[in-house]
Amino acid sequence: MLAAFGKNRALVSSLLRGGNGGDGASAAAVWAVSKRFMSASGDSITVREALNSAIDEEMTADSKVFVMGEEVGEYQGAYKVTKGLLQKFGPDRVLDTPITEAGFTGLGVGAAMYGLKPIVEFMTFNFAMQAIDHLINSAAKTNYMSGGTINVPIVFRGPNGAAAGVAAQHSQCFAAWYGQVPGLKVLVPYDAEDARGLMKAAIRDPDPVVFLENELLYGESFPVSKEVLDPSFTLPIGKAKIMREGSDLTIVTFSKMVGYALKAADELAKEGISVEVVNLRSIRPLDRETINASVRKTSRLLCLEEGWPQHGVCAEICASVVEESFYYLDAPVERICGADVPMPYAANLERLAVPQIDDVIRAARRICFRKQDKRKATA
Amino acid sequence: MVLGRSFEDMCAQMYYRGKMFGFVHLYNGQEAVSTGFIKLLKQTDFVTSTYRDHVHALSKGVPARQVMAELFGKSTGCCRGQGGSMHMFSAEHGLLGGFAFIGEGIPVAVGAAFTSKYKREVLKEEGDMPVSIAFFGDGTANNGQFFECLNMAQLWKLPVIFVVENNLWAIGMSHYRSTSDPEIWKKGPAFGMASAHVDGMDVLKVREVAKEAVERARRGDGPTLIECETYRFRGHSLADPDELRAPAEKAHYAARDPIVALKKYLLDNEIATEAELKSIEKKIDEVVEDAVEFADASPLPGRSQLLENVFADPKGFGIGPDGRYRCEDPGFTAGTAQV
C-alpha cells in the first residue's frame, strides 16, 4: 500500500491543495475534525462515520448546504448518521421537520430551485413514497421541463431495502423504481469509501440525486486509505468498481449484496471458480461499459439484488448484457433477487425472502456447470 | 388584465385551429387575482402556479412572445418547447412553474420562501427579503400538502403568501360537494396564520389585501392565507364541455367581469378616457398578434433537443469555473477505482 501511495503522490498533493470552496486552512481544520471520526484502531471507519464526515465537510465548505428531515437534529439522526451536526451548525442549517414528507420534500425542491443545496433525509425510503410526487415530478423533471434553465441540486438520502425483522412496509428496495426515471441520479454505496466519495459527489452535483443507503451497513467498519479521508475525496458518479478480479464468472451487484458476493467469491475460490465482483455504485447512470467488459472477459453473468425480481435492476443488467455481449456468453444470464413477496416478519421466512450467500454459491456453481463442490467426493 | 384576457382568447382560437394541443387551461375571469397580486411583486420575488398558469406568467413579466411560442411547442418558448402549457418556468422572472399536479406548487413556493429566509439569516445577504406566492384553487385546499405547508410556513415564519383562487369548481366537482367547511380562509387561523377573504373579481380590493400580505411577508412576520372569490368564464380546460355549471351562476359572475368593472371605475372617476382605454386595448391586440406571428414563425425544436437538459451536468460534479466539466480536469480526483 505504501508503494501505491508513493505512485499517487501527485494525486494526493493535488487533493490536499483544496477542494470545492475550501481553502488550505479550512481544509486542514476539517481534516483535524475528521480524524475524530476514525475509530481508534488504525485507518478503518464505519459507513455511518463515513456519511457523517462527508456531510460535515461539505456543510463546512459550502454554507448553502443544509440538512432537513425527521429527527436529524436533536435526536442526532434516526440512525445517528447526522450525529453532532446540529451542535456544530445550529438549527438554521440542520432542520428537524414535522412528519410531512410530501410537504418538506417539496420545500426542499423549492429551496434547491432557488439556489440552496438541501440534503433531505427520509427515515427510510419507504416513507419517501409519500413524497414520491415531488421526487419525480418536481425534482427529476424540472430541468427538462424548464428547457435547462432551472436545475435542482438536491440530495435525497436514507436507508433503503430490508433491515432485520421490520416487516413488509419497511423493507422495500426502491433502486428499480428510481432507477427508471430520467432526470434522477441514483447512487448505491456499499463500503465506507463508497459512502464518503459518493455522498460528497452527490452534494456537489447540480442534479437531483437519490442516495440509497442500507441500514445494516451503517455499523460495519471498512478499512480506508488516507486519500479517502481527505476532504476533497470524491468518486465519479456513474462508474462501477471491480471489487475483486476474476476470470470465470462475473457477479454484478450493489449495496449490501456486494458483501455477500465477496464472501461467496472467497468460498468459490477454494473450489477453483474465480469470481469477478462488480460493485455498481450507481444505478443511474448505469455503468454498462464496465459490466459488459467484465462479462466479455469471463463469459458468465450472475446478477444479484435484494429487491423484487420483476422489472428489477437485475432485469436491466441482463438486458444490457444480452443486447451488447450476447456472443461472448457461455451460459444463460442468471438473476438472484429477493422473493416475489412482501417481506414477511418471521425470522426464518425473512431469511428465505432475501438472497443468502449459499444461494449465490449454488447459482455460481450452476452457471459454471458444476453440480456440487468438486472437493466433496461423495455423490 | 386586458393582456391576460386577450391572450387567453387568442389561445382558444389557436387551439381550435390546431396550432396548440394537449391540455390548455384558460384563465378568463380570474385576471383580477393575478394582476392584483403579481403586479405588486418585484422581479426577484417568486410565483408558483398550477396548470392554469399562462396569465401568471404574463403578469410576472414573461414576454407574451415566449409564452405563445411555448404553447405552440416551438424552441423559442420560455422553456424551449419542453414544458408546454402546464409547465411554464422562468428563472429570469422568478416563475417557478407551472405544475400539473394540484398542490405540487405549494411546497415549492414554501421552499423558495425558506431560501429567502435562509439567505438573509444564514448567508447574511443584504436587501429586501424576496417573497413567494403560491396560487392554487379550491380543490387543492383539500389536499394534504396544503395543510402540511400551512403548518410549516407558520411554524418557521416563512415569507410566503397562499392565494386560493376559489372559483367554486374543480373540473366538474363543486366546492360545496367536496369540502366539509367551504370557507377556506378559516383554515389559516387553525394554524395560527393571518387570513383574509376578498372579492376576487375586483382588482382594487385584491390589491389592497395583497399589499398588506406582501408587506407582512417582507417584514419577516410570516405567511398569509388569502381566499379570493373568483370565477372562470370558460370550462376547466378547452376539452371540458362545461355542462354542470348553472347558466344563472355563469351569468351572475359574467356581470362582475373584472375588466368591465375596472373600466367603469376608471371612467366614472375620470382617471382615464374612453379613447385612452381603447388605445390600450388596441396596443394589447397588437402585442398578442405579434406574439402569434412570432410563435408561428419560430422553428420547432431540433431532434437533438430530445435528449438535452435531462441533467444540468450529465457527468457529475458540475461545471468548473473554466466552463468545462470538472470530471475532465486532471487535477480533480477520479476516485481510487482502477476500472
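Residues numbered from 1 in each chain as written. Chains lettered and ligands numbered in written order. Predicted model: local features only at pLDDT ≥ 70, side-chain atom pairs only at ≥ 80, totals over all residues. Heavy atoms only, no water.

Novice: Can you walk me through the overall build of chain B in this structure?
Specialist: When you go through chain B residue by residue, the secondary structure sums to eleven helices and nine strands. Its C-alpha atoms give chain B a radius of gyration of 22 Å, within 12% of the compact-globule value 20 Å for 339 residues. When each of the 339 residues of chain B is scored for burial, the buried share is 53%. Looking at chain B alone, contacts between residues at least 24 apart form 71% of all its contacts between residues at least 6 apart. In the structure as shown, chain B presents an accessible area of about 14600 Å², 54% of it carried by carbon and sulfur atoms. A gap of 2 Å separates the mean positions of the 38 positive and 46 negative side-chain charges of chain B. (Helix = DSSP H or I, 4+ residues; strand = E, 2+ residues; numbered from the N terminus. Rg over C-alpha atoms; globule rule 2.2 N^0.38 Å. Buried < 20%, exposed > 50% of the residue type's maximum accessible area, 1.4 Å probe, protein only. Contact = heavy atoms within 4.5 Å. Areas by Shrake-Rupley, 256 points an atom, 1.4 Å probe, with all protein chains shown as cover. Lys, Arg positive; Asp, Glu negative; His and termini not counted. Charge placed at Lys NZ, Arg CZ, Asp CG, Glu CD.)

Novice: Would you mind going over the side chain of Asn167(B) with me for this structure?
Specialist: Relative to the elements of secondary structure, Asn167(B) occurs in the loop between strand 5 (160-166) and strand 6 (169-170). Reaching out from Asn167(B), the side chain makes a polar contact with the side chain of Gln30(B) at a distance of 2.7 Å. (Polar contact = N/O pair within 3.5 Å; in protein donor to acceptor, adjacent residues only side chain to side chain.)

Novice: Looking at this model, I keep getting lost on the pairing of strand 5 (residues 155-159) of chain A. Mind explaining?
Specialist: The side chains of a regular strand alternate between the sheet's two faces. Residues and elements named next belong to chain A. A large share of strand 5 lies buried, amounting to five of its five residues. Where strand 4 (residues 117-121) meets strand 5, three bridges bridge the pair, whose relative direction is parallel. Note on strand 5: the bridge partner recorded for Glu121 is Arg157. The parallel pair strand 4 and strand 5 is bridged by helix 7 (residues 132-145), and the resulting crossover is right-handed. In the sheet, strand 5 pairs with strand 7 (residues 209-213) via five bridges, with the strands oriented parallel. Bridge pairing in strand 7 links Val155 to Val209. (Pairing = 2+ DSSP bridges. Right-handed = clockwise from strand over helix to strand, strands pointing away.)

Novice: I keep staring at the interface of chain B and chain A and nothing clicks. Help me out?
Specialist: By a frequent convention, interface size equals the accessible area lost on bringing the separate parts together. With 58 residues of chain B at the interface, the matching set in chain A holds 60 residues. For the pair chain B and chain A, the summed buried surface comes to about 4800 Å²; carbon and sulfur atoms form 67% of the total. For the pair chain B and chain A, the number of links is 14 residue pairs in polar contact (both at pLDDT 80 or more). It is helix 5 (residues 105-121) of chain B that contributes the most residues to the side of chain B that touches chain A, eleven residues altogether. For the side of chain B that touches chain A, the residue count by class is 33 nonpolar, 17 polar and eight charged. (Buried area = accessible area lost by both parts, 1.4 Å probe. Nonpolar A, V, L, I, M, F, W, Y, C, P; charged D, E, K, R; others polar.)

Novice: Explain the packing of aromatic side chains to me, please; I cannot follow it from the model alone.
Specialist: Each aromatic ring pair is described using two quantities: the centre-to-centre distance and the angle formed by the ring planes. Tallied over the entire structure, the rule returns 21 aromatic pairs over all chains. Site record: aromatic cluster; members linked through ring pairs are Phe104(A), Phe122(A), Phe125(A), Phe156(A), Phe174(A), Trp177(A) and Tyr178(A). The lysine or arginine in question, Lys80(A), covers the ring of Tyr75(A), its NZ or CZ lying 4.2 Å from the ring centre. The aromatic ring of Phe311(B) is capped on one face by Lys185(A), whose charged end is 4.7 Å from the ring centroid. (Phe/Tyr/Trp six-rings, centres within 6.5 Å; stacked < 30°, edge-to-face > 60°. Lys NZ or Arg CZ within 6 Å of the ring centre and 35° of its normal.)

Novice: Explain the sheet that holds strand 7 of chain A to me, please; I cannot follow it from the model alone.
Specialist: In a beta sheet, neighbouring strands are held together by backbone hydrogen bonds and run either parallel or antiparallel to one another. Residues and elements named next belong to chain A. In space, the seven strands of this open sheet follow the order 3-2-4-5-7-6-12, with mixed pairing throughout. At either margin of the open sheet sits one strand with a lone partner, and together these are strand 3 (94-96) and strand 12 (282-284). Going across the sheet, the axis of each strand differs from the next one's by a mean of 20 degrees, ignoring polarity. For strand 2 (residues 65-69) and strand 3, the ladder comprises three bridges, and the chain directions are parallel. Pairing of Gly69 across the sheet is with Asp96, part of strand 3. (Axes fitted to C-alpha atoms, helices over the stretch in contact; angles between N-to-C directions.)

Novice: Is there a simple way to think about the UniProt feature "domain: Dehydrogenase E1 component" (unreviewed entry) in chain B in this case?
Specialist: The UniProt feature table records "domain: Dehydrogenase E1 component" (unreviewed entry) at residues 1-301 of chain B. Taken end to end, residues 1-301 of chain B is 44% helix and 13% strand, and its first and last C-alpha atoms sit 31 Å apart. (UniProt positions renumbered as here; feature names shortened; annotations may be inferred.)

Novice: Quick question: what am I supposed to make of the domain arrangement of chain A here?
Specialist: Residues and elements named next belong to chain A. Under the domain assignment used here, chain A contains domain 1 (44-229) and domain 2 (241-368). If you average the C-alpha positions of domain 1 and of domain 2, the two centres end up 26 Å apart. In this complex, domain 1 contributes 31 residues to the contact, which on the side of domain 2 involves 24 residues. Surface buried jointly by domain 1 and domain 2 totals about 2100 Å² across both partners, of which 59% is contributed by carbon and sulfur atoms. (Domains from an automatic or database assignment.)

Novice: Sorry if this is basic, but what is going on with the UniProt feature "domain: Transketolase-like pyrimidine-binding" (unreviewed entry) in chain A here?
Specialist: According to UniProt, the positions carrying the feature "domain: Transketolase-like pyrimidine-binding" (unreviewed entry) are residues 45-220 of chain A. As a span, residues 45-220 of chain A carries 37% helix and 16% strand, and end to end its C-alpha atoms are 8 Å apart.

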